[in-house]
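The residues making up each chain are set out below.
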Amino acid sequence: MMKLKKTAAVFICFIILAALFCGFTAAEGDDGGSYKKNDTASLYSEQLEASGAQGLYDILDPETKSLLSSFGISLSDPSSLSRITPGQIFSLLFSYIGELIKTPLSVAGGIMCTALICSLIGAFGCSSAENTELFRFITSLIIALITALPLFSLIKKLTDAALNLGNFMLSFVPVYSGILACAGKHCLAASYNAMAFMACELIYSAAESLVAPVGGMYIALCCASELTPTAGFSGLTLSLKKAACFALGILMTVFTGIMTVSGFVSASSDTLTAKTARFLVGSLIPVVGPSMSESLSAITGAMSLLKGTVGVFGAIAGIGIITPILISLTLWRISLCLALCSCEILGLGSASGIVRNIGSAVSIFLAVTVCFAALFIISLSCVISAGGLL
């Protein structure tokens, strides 16, 4: 009796699968070649809408939205990502440079003019040591005010950029992890979700509670070390700079190593699982097994297209968020180098020390910015490249 029930159940399942297969074949025959032509596109559109990735554009700040619009980038059109030309990139960079170079150049010009005037005044000679020390202090104080005050607004911009990047990551990581899981990369999705959220929390916490106070404190110490050379602040500023560079180096090395190794190991495991599933579907299900295996391959292909498109979109968006502050810091560093050269040529030692110290502070801010961007982009690049193993 049990054998008859099992036989009947198997027969009924076989009839249902055969009917579904015949209906699918008839629908394909009625549409002609149009279904095959639009199959991947329709699957991509459905999966894009279901994943919620289209809402990522609304989270971006207005400046990044305008950047993506200028490139014509859209998640609904995957080919738009491949239409970006070097000419567009250089045109965007030059427009950013034209907008952001005004403040660094004005500061560098102010330092050069102050250094030249102080050098001319000093050429008349100061008879006493007290006058010489007072003149040195006034010169250093003027240059410190010219240089340091605009930097506090730059720190505010750096904090805002880091917070915008952290907010975007908080929305991007779960969406992209879900896409990875639906594409059959469950281990890779779990690994990326854990590591990317760790990077997101690090960026957001550092931007919210460390960048502004620590950056302002470091600039103040840089100025105080030259205004009051007997206080011994120069050793403290040097130690802070070495500690920051060491911490950033260790962070990037450990994060990149863990992300690369875990990404490729997880991708290998997902590849084995996917191939085993296709083999079982194609071998164990009679008659329609190969067709179901091909359908599974088509769905996985559409998900892979969605994974690559959303991943590249996220990388471009992250670069767009961080590019303005990165260019601004680079222009500041170049301008301070020019100002330092002028101070050294005119023989203003204390003023040269202040400009040199503040230049090192800008270098640290630049390294922190690159680190924030790299934590997001490197993790995403590792996942995209590792996901290509499937």
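On a predicted model such as this, the values are computed, not experimentally measured, just so you know.

Before going further, it helps to spend a moment on the overall build of the chain. Counting its regular elements, the chain contains 12 helices and zero strands. Counting from the amino terminus, helix and strand elements in the chain follow one another as α-α-α-α-α-α-α-α-α-α-α-α. Residue pairs at least 24 apart in sequence account for 81% of intrachain contacts in the chain once pairs closer than 6 positions are excluded.

With that settled, the discussion passes to the packing of helix H4 (residues 62–71) against helix H5 (residues 86–100). Orientation of H4 relative to H5, taken along the N-to-C sense of each, is 145°, at an axis distance of 11 Å. The way H4 lies across H5 gives a crossing that is right-handed. Together, Glu63, Leu67, Ser70 and Phe71 of H4 and Gln88, Ile89, Leu92 and Tyr96 of H5 make up the contact between the two elements. Among the residues making up the contact of H4 with H5, the classes are represented as five nonpolar, two polar and one charged.

Scanning the model with the defined rule gives two salt bridges in all. The partner of Lys156 in a salt bridge is Asp160, with the nearest N and O atoms 3.0 Å apart. Taken as a pair, Lys156 and Asp160 lie in helix H7 (residues 129–182) at a separation of four residues, close to a single helical turn. The shortest N-O distance in the salt bridge between Glu344 and Arg356 comes to 2.7 Å.

Moving on, we come to helix H9 (residues 211–227). The end-to-end C-alpha distance of H9 is 24 Å, a good match for the 24 Å that 17 residues give at a rise of 1.5 Å each. Of all the positions in H9, only Val211, Gly215, Gly216, Tyr218, Ile219, Leu221, Cys222, Cys223, Ser225, Glu226 and Leu227 are classed as buried.

Next up on the list: the nonpolar core. Across soluble globular proteins, nonpolar side chains show a tendency to be buried alongside one another. Grouped together as the largest cluster of nonpolar side chains are 94 residues, with contacts concentrated most on Phe172, Tyr192 and Val310. Among residues more than four places away in sequence, those in contact with Tyr192 are Phe172, Val173, Tyr176, Ser177, Leu180, Phe197, Met259, Phe376, Ser379, Leu380 and Val383.

Take the side chain of Ser328 next. Tracing the sequence through the fold places Ser328 in helix H11 (residues 289–345). Beyond its immediate chain neighbours, meaning those up to four positions away, Ser328 contacts Leu100 and Leu154.

Looking at H4, one finds that the buried residues are Thr64, Leu67, Leu68 and Phe71. For H4, the angular spread of the buried residues around the axis is 95°, confining them to a single face. Just downstream of H4 lies Gly72, where phi reads positive at about 70°.

Turning next to the environment of Glu226. Here Glu226 is to be found in helix H9. Placed 131 residues apart in sequence, Glu226 and Asn357 show a C-alpha to C-alpha distance of 8.8 Å. Ignoring any residue separated from it by four or fewer positions in sequence, one finds Glu226 in contact with Arg136, Ser350, Gly353, Ile354 and Asn357.

A contiguous nonpolar surface patch, about 690 Å² in accessible area, is contributed by Leu134, Phe137, Ile138, Leu141, Ile142, Leu145, Leu149 and Phe152. In this structure, Leu149 sits in helix H7.

Scanning all chains against the criterion turns up four aromatic pairs. Here the aromatic rings of Phe168 and Phe172 are separated by 5.6 Å at their centres, their planes lie at 25°, and the arrangement is stacked. In this pair, Phe168 and Phe172 are both assigned in helix H7, four residues apart and thus about one turn of the helix distant. Here the two residues Phe168 and Phe172 agree in accessibility, since each one is buried.

It is worth spelling out the environment of Ile219 at this point. Along the polypeptide, Ile219 turns up in helix H9. Residue classification places Ile219 among the buried residues on the basis of a relative accessible area of 0%.

Here we take up the environment of Thr114. Tracing the chain through its elements places Thr114 in helix H6 (residues 102–123). When neighbours within four sequence positions are excluded, Thr114 is seen to be in contact with Ile142, Ile143 and Ile146.

Of all residues in the chain, 75% attain a pLDDT of 70 or more, and the chain-wide mean is 75. Summarising per-element confidence for the chain, the mean pLDDT is lowest in helix H1 (residues 2–31) (42) and highest in H5 (86). Every residue in residues 1–37 scores below 50 in pLDDT, and together they form eight contacts with partners more than four places removed in sequence or on other chains.

It is worth spelling out the state of the cysteines at this point. Under the definition given, this model contains zero disulfides. Left unpaired, Cys223 is separated from the closest cysteine sulfur, that of Cys222, by 6.8 Å.

A few words now on the side chain of Ser352. Tracing the sequence through the fold places Ser352 in helix H12 (residues 349–387). A polar side-chain atom of Ser352 sits 3.4 Å from the main-chain amide nitrogen of Glu344. Once residues within four sequence positions are removed from consideration, Ser352 is found in contact with Leu340, Cys343 and Glu344.

Procedures and definitions
- Residues numbered from 1 in each chain as written.
- Predicted model: local features only at pLDDT ≥ 70, side-chain atom pairs only at ≥ 80, totals over all residues.
- Heavy atoms only, no water.
- Helix = DSSP H or I, 4+ residues; strand = E, 2+ residues; numbered from the N terminus.
- Contact = heavy atoms within 4.5 Å.
- Axes fitted to C-alpha atoms, helices over the stretch in contact; angles between N-to-C directions.
- Left-handed = near helix turned anticlockwise from the far one by under 90°.
- Nonpolar A, V, L, I, M, F, W, Y, C, P; charged D, E, K, R; others polar.
- Salt bridge = Lys/Arg side-chain N within 4 Å of Asp/Glu carboxyl O.
- Expected span 1.5 Å × (residues − 1).
- Buried < 20%, exposed > 50% of the residue type's maximum accessible area, 1.4 Å probe, protein only.
- Core = buried A, V, L, I, M, F, W, Y, C linked by side-chain atoms within 4.5 Å.
- Arc of directions from axis to C-beta.
- Patch = residues over 30% accessible without salt bridge, like charges linked within 9 Å, V, L, I, M, F, W, Y side chains within 5 Å.
- Areas by Shrake-Rupley, 256 points an atom, 1.4 Å probe, with all protein chains shown as cover.
- Phe/Tyr/Trp six-rings, centres within 6.5 Å; stacked < 30°, edge-to-face > 60°.
- pLDDT = per-residue confidence, 0-100.
- Disulfide = S-S within 2.5 Å.
- Polar contact = N/O pair within 3.5 Å; in protein donor to acceptor, adjacent residues only side chain to side chain.

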